[in-house]
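Chains, contacts and geometry: an overview
Listed below are the residues making up each chain.
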Amino acid sequence: MGAEHVLHRTTQRPPMAVRGEGIYLIDEQGRRYIDACGGAAVSCLGHGHPKVAAALSEQASRLEYVHTGFFTSDAAERLAAMVAKMSPGTLDRVWYTSSGSEAIEAALKLARQYHLERGEKGRRHVIARRLSYHGNTLGALAAGGSAWRRLPYEPLLMDVALVDPCFEYRFAEPGESPEAYGAKAANALEREIARLGPETVMCFVAETVVGATAGAVPPVPGYLRKIREICDRNGILMILDEVMCGSGRTGTFLSCEQDGVVPDIVTLGKGLGAGYQPIGAVVCTSEVYDTVANGSGALKHGQTYNAHPVGCAAALAVQQVIREEALLDRVNSAGTRLRSLLAERFGNHPHVGDIRGRGLLQAIELVADRSTKAPFDPELALHQHAKADAMDRGLLIYPGGGTIDGRHGDHILLAPPYNVTDEELETIVDLLGDTVEAVL
Ligand code: PLP
C-alpha cells in the first residue's frame, strides 16, 4: 500500500472495500459485511447487479459524455420519461444533477426563478425545518436544520427560517391525536409565513420522511396535505426532498404519494442510481416548468455533469430492474416484515423508545429512559459506538444523533436493498440486537 493521500471522513483510514455481492460488501481482508443501510440509503438493489453493470458499461463504451449545452442523450430522455410516468400529478419535467445536494441547490434556484418569471421579485425567503438534512453544499446546508452540521459554517449560510418538524414521538403532547398534532405542526409554517410576510416567501422545503437527522420519521396523516394547502393559499412553492425516501425506498416511487400530496418540486438522488453512478434529479410540475419556459425560457443554472449519459443509463437500468422484479411490492412486504422483527426484538426494550419508518426505511431510537423519553448524553455518542460495534460483527447500519432542545437522542437507521430476503432481515435484526445489548 502506498502513502496516504486520501482525505478521509475520519482520522483513521477506514477498511478498504474491494467487492460487493448482493447485500454483502467484502473488504481487503476478505471480511463480509451485511449492508443493512446501503451506505446512506443508496444501494437499493444491493451490490454488483449484473443488469445495471452491463447497462452502464454499454453506455460508457458507446457514448460516455455529452455536455448539455450541446446535446441530449437517449439515456437522459428515456429516464426522464420514466420518472415522469412514475411520478404523481403533473410532476413531469426532470433536471438532472450528480448528487442530492446539487438537486436541492437547483430546486431552490428554480423556485426563485419561478417567482421572478411571475414578477414576484420580493419572494426570496426559504422556510425549512429543524432536524432536517438537505445536503452539505452551502445552500442545502442552510436549508437544513442539522445543528452540528451547520455550526462551523454558520457565517457562510444564507438566512433560512426554520420551523419545527412533524415528529410525533418527540413533539406531540401526551394524549394528542396524530391529526391534532399534525395540524399544530403545520400551523408552525403558517405562523412563520405571517411573520415574514407571505409576499416575501418563495418556498417551503421538507423531507417527506426525515432521514439522516431524525431517523426515518414519517409525517403524521394529514400533515403534508395541510402544508400543501398553506403553500397554495400563500403562493409558496412546496419542495419535498425525497433524496433519501424517494425512488421506491418506502414502497411507492415517491413517498408523498402515500400522503396524497403532489409537491411543486421534488428532489431525488441516492436510490435513483442505486450507487451505480452518482445521479440526482429535480422533478417539477408542468406549471413550474411552463412558467419558466414561457418566461425567460430556461433555468439559469447548469453544471458540467448535468444529465451524464452513464449516470442516466445506470438509473434507467435500476428503475427497469425495480419494475421487472416487482420490487416496489417487495419493499412493502419486506418493510412490514422488518418492522415486525424490530417490534419483536425491541418492542419492550427499556432503551428503545421508538421504532418507526416507512417501507424499507426504518429506525430505532435509543433513549436513556423509555417512560420520559430522555435521550442518552450526546457526549456518549452511542450511535457511533453502535455503528463500530455492528461493523465488528459484520453488519453495516447508519447511525444518527443530535439533540433538539435536549429532546432527540441517538437513532439507528436501516435501509436494506429492495430485494432483501426474509432470512437476511432476520440476520440484520439479530445482529442489531446484539449490538444494542453491547453498547448500552
Ligand atoms: N437530501 C436528503 C434528504 C439526504 O438524505 C441527503 C443525503 O444524505 C441529501 C439531500 C444530500 O445528498 P448528497 O449527499 O447526495 O449530496
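Structure first, text after, so check above.
What you are looking at is a predicted structure, and each value in this text was computed from that prediction instead of being measured. (Residues numbered from 1 in each chain as written. Predicted model: local features only at pLDDT ≥ 70, side-chain atom pairs only at ≥ 80, totals over all residues.)

1. Concerning the sheet that holds strand E14 (residues 398-400)
Defined as follows: Paired strands, in this sense, are two strands between which DSSP finds at least two bridges. Segments assigned H or I by DSSP are reported as helices when at least four residues long, segments assigned E as strands when at least two residues long, and all are numbered from the N terminus. Axis definition: a line fitted to C-alpha atoms, over the contacting stretch in the case of helices. Angles run 0 to 180 degrees between N-to-C directions.
Within the open sheet, the four strands sit side by side as E11-E12-E15-E14. Their pairing is antiparallel. A strand with exactly one partner marks an edge of an open sheet, and here the two such strands are strand E11 (352-358) and E14. Taking the axes of each pair of neighbouring strands and ignoring which way they run, one obtains an average angle of 20° across the sheet. Relative to strand E15 (residues 410-414), strand E12 (residues 361-366) runs antiparallel, the two being bridged by five bridges. In the strand pairing of E15, Ala-363 is matched with Leu-413.

2. As for the nonpolar core
The condition that has to hold: A set of buried residues qualifies as a nonpolar core if it consists of Ala, Val, Leu, Ile, Met, Phe, Trp, Tyr and Cys joined through C-beta atoms within 7 Å. Backbone-placed C-beta atoms define the burial measure: a residue is buried with 20 or more other C-beta atoms within 10 Å of its own, exposed with 12 or fewer, and partly exposed in between. Contacts are defined on C-beta atoms placed from the backbone: any two residues whose C-beta positions lie within 7 Å are in contact.
Counting residues in each nonpolar core, the largest one holds 134 residues, and the members touching the most others are Phe-204, Ala-314 and Ile-397. With ten residues, helix H11 (residues 309-324) is the largest single contributor of residues to this core. Apart from the residues lying within four places of it in its own chain, the contact partners of Phe-204 are Ile-127, Leu-189, Ile-227, Cys-231, Ile-236, Met-238 and Ile-239.

3. Observations concerning the pairing of strand E10 (residues 280-285)
Along E10, six of the six residues are buried, which leaves the element largely enclosed by surrounding structure. Across six bridges, the pairing between strand E4 (residues 91-97) and E10 is antiparallel. Bridging from a neighbouring strand, Leu-91 pairs with Thr-285 of E10. Where strand E9 (residues 265-268) lies against E10, four bridges are found, and the strand directions are antiparallel. What sits directly across from Leu-268, in E10, is Ala-281.

4. Observations regarding the site of the ligand
To keep it simple, the criterion reads: The C-beta atom of each residue is placed using the backbone, and any residue whose C-beta lies within 6 Å of a molecule or strand is treated as near it. Classification used: nonpolar for Ala, Val, Leu, Ile, Met, Phe, Trp, Tyr, Cys and Pro, charged for Asp, Glu, Lys and Arg, polar for all others including Gly.
For the ligand, the set of nearby residues contains 15 residues, the closest of which are Gly-100, Ser-101, Gly-135, Val-243 and Met-244. By residue number, the principal contributor to the shell around the ligand is helix H4 (residues 100-117), which donates three residues. Taken together, the residues of the shell around the ligand break down into six nonpolar, seven polar and two charged.

Any functional reading would require information beyond the geometric quantities listed.
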